Amino acid sequence: MSQDSAAEHIDYNALVDAEAAALFDAANQYLRPEDVQLLRQAFATAREAHEGQTRKSGEPYITHPLAVAAMLTDWRLDAQGLAAALMHDVLEDTGVSKPTLSEKFGRTIADLVDGLSKLERLEYQTKESAQAENFRKMVLAMARDIRVIIVKLADRLHNMRTLDAMREDKRQRIALETLEIYAPIANRIGLNKVYRELQDLAFKHLHPHRYSVLSKAVRAARGNRREVVNKILQAVTQKLGEANIEATIKGREKNLYSIYKKMQEKHLSFSEVLDIYGFRIVVKDNASCYLTLGALHSLYKPIPGKFKDYIAIPKGNGYQSLHTTLFGPYGTPVEMQIRTQEMNAVAEAGVASHWMYKSGDASIDAAKQRTHQWLQSILDMQEESEDAIEFLEHIKIDLFPDEVYVFTPKGKIMVLPQGSTPVDFAYAVHTDIGHRCIAGRVNFNLVPLRTVLRNGDTVEIITSTQAKPNPSWLNFVQSGRARSGIRNYLKTLQQKDAVQLGEKLLRQAASALSPTPLDISPKLEDSLLHALGERQRSFNDLLADIGTGKQLAIVIARKLFELSGEQLGQTPDVGPVTIRGNEGGAVQLSSCCNPIPGDAIIGAISKGQGLLVHRKGCGNAARIDPEKLLEVNWEPQKDRMFGVNISVLAHNQRGALAEIAAAISQASANIETVDTQENHGGDGFIHIHFRLQVDNLTHLENVLTAIQQVNVVQQAERRQ
């Protein structure tokens, strides 16, 4: 009989019944009879909903949720979590609705299933947008109930184990998503075994040839390593026995993907990576961990700088252990991890250990607490990220593999991504502290905000009520929390400026259409938004669109007059739009001609950028479509200075630059930059280009006059 015909004769109903019976038997080991009955109901609902649906492999679809739920019984997940696992695809792939689930199984289970379901088939601009929106939905559900991500990771793990049935392009996409998002999440919440298996399965599908070669090499190396492994095990067992320490000792192998990454990142050969031997020692309590460490250091010499105490200072996901690297037999490095049984549970199952072991253990409670803190930071980032793709980017940044541990002045430990700065620290304390930070003290010394923090640093933030985030901080911050906080502040600031400019432009356009001032009431605002199909947005959003050039003020003004019933009469002369020059992103002073107060200026609306201001006579302004040009004037102000470029031709002699700089300073201007260039004529002259900060055109003319009075100066002029 052929394989195909054999497959046709498989009794799938019997197979499903057997798998369901095995699931109920496993659940019976730790759940109450009424909880197991709830599972039976959830299974019946899922089986009926998925009736007739098959997987790519040809198996009935119900075998997938059954396998996911069975995996979760190993972690002793509760009845509600298991019920959600059995029904995790019914909202997405069948006709079952959330109200139906809620009525039958209760609100909690319905919410869990909903959190595991993709969004309805909405129209998104790109696949990336759809992925990002679905991810945001799942992460927010996870923040409300950690069981969402535990079920999702089991779902992803089973899908990865059965990925061979998929098309190659789909396998690659799912594997990459797993490596970039789901494996790091498993690591972040401490599901270490899941993390390693997801990495290896993704590696297998992304680089099948490399996976195959490396897999064969590891199998071959095991036999060669056995002698050394046995020698170390024997020596360690004997030493701990002499010290009366009860312990379980196991050899520890690196997973294939970690070997591959180490070879790539450190440019090591396979034999160099495999030359390191790893062991895990599990003892009864914390005191035994440190006694074991002492015993090992008397057996083999420790390698300096290779000791880490994650018991005193746990990792961000609650992981605790002592790590030490020793000079073993034949000079080979031996990595030792020493931990208690409870720490080992957290290391392998992370936050899932909450269901596997009785709550109240310090290690397990610490893991829950740290996961809760991380989930809270995710909710904070969500509030600050309007765009789902940006939110996904922030989450990816925050799923950092390496961490740095620093202290507040009161001794509290803060866990930050590797490479973090005082700005990251400030935002980790509170968003408002981040917004107002101006400097930092590290180990009581004043340091720049871009200083990279190191393990053990004590960090203090200096704030000012006048301070605000600097866009340049985005070039060096490392944490998703800091990045989303800065971006959100800048967006809010730009939105406010754009609304103010949009209001000016709209009123100017209305004045151009009618001498009667237009009274824009809340009712008229609502009518306008309804007419434009913008009912989901506010009138301020529309003003911001005008300010950034996404909407034409004249079109909106005409629509307002039409809706108000006002008759358009003789149009008066329209005054120019007034600007201060410091309106942020909504009004930008062109860098090609650097306009300053006192210059005759012209404005041009640029779509998505707002109002770009040029000097009249600027060559770039002359090339702009006249319909896009606006008359603009300077608003009187005294609270800021403006950048301007000047060029000075002077005798090339000692002290010339110092004399000119002194004249600029005496004229109350600031020098931003200076650049010198010898005159090509070889006539003993030098060109000096300055970037200055001045108040206005009159101030600039006074500065140029002061420079021309210096003996060595031949000529001084403003430069385009």
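Residues numbered from 1 in each chain as written. Predicted model: local features only at pLDDT ≥ 70, side-chain atom pairs only at ≥ 80, totals over all residues. Heavy atoms only, no water.

A. Layout of the packing of helix H12 (residues 192-206) against helix H14 (residues 256-266). At a minimum axis separation of 7 Å, H12 and H14 run at an interaxial angle of 70°. Between H12 and H14, the interaxial angle falls into the category roughly perpendicular. Counted together, Gln-199, Asp-200 and Phe-203 of H12 and Leu-256, Tyr-257 and Tyr-260 of H14 form the full contact between these two elements. (Axes fitted to C-alpha atoms, helices over the stretch in contact; angles between N-to-C directions. Helix = DSSP H or I, 4+ residues; strand = E, 2+ residues; numbered from the N terminus. Parallel < 35°, antiparallel > 145°, perpendicular 65-115°, else oblique. Contact = heavy atoms within 4.5 Å.)

B. Broad picture of empty space enclosed by the protein. Overall, the coordinates contain 2 cavities of 30 Å³ or more when judged by the stated rule. Within this model, the second largest cavity holds a volume of roughly 30 Å³. Every residue lining the second largest cavity is listed: Pro-409, Arg-441, Phe-444, Thr-458, Val-459 and Glu-460. (1 Å grid on protein atoms, 1.4 Å probe; cavity = no way out; pocket = protein on both sides within 12 Å on 5 of 7 lines; lining within 4 Å. Points joined across faces, edges and corners; volume = space filled by probe spheres on them.)

C. Spatial organisation of the packing of helix H10 (residues 147-161) against H12. The contact between H10 and H12 brings their axes to 10 Å, and the two run at 35°. By crossing handedness, the relation of H10 to H12 is classed as left-handed. From H10, Leu-153, Arg-156, Leu-157, Met-160 and Arg-161 reach across to H12, where they touch Val-194, Glu-197, Leu-198, Leu-201, Ala-202 and His-205. Each residue belonging to the contact of H10 with H12 can be placed in one class, and the counts come to 7 nonpolar, 1 polar and 3 charged. (Left-handed = near helix turned anticlockwise from the far one by under 90°. Nonpolar A, V, L, I, M, F, W, Y, C, P; charged D, E, K, R; others polar.)

D. How the structure looks around the sheet that holds strand S1 (residues 247-252). Here 5 strands make up an open sheet; going across it, the order is S1-S2-S5-S4-S3 and the pairing mixed. Among the strands making up the open sheet, the edge pair consists of S1 and strand S3 (301-309). Taken pair by pair, the neighbouring strands of this sheet meet at an average axis angle of 20°, ignoring direction. Here 5 bridges tie S3 to strand S4 (residues 322-327), and the two strands are oriented antiparallel to one another. When the bridges of S4 are listed, Phe-307 appears paired with Thr-324. Against the sheet, helix H16 (residues 286-299) engages strand S2 (277-283), S3, S4 and strand S5 (333-340), with an angle of about 160° to S5. (Pairing = 2+ DSSP bridges.)

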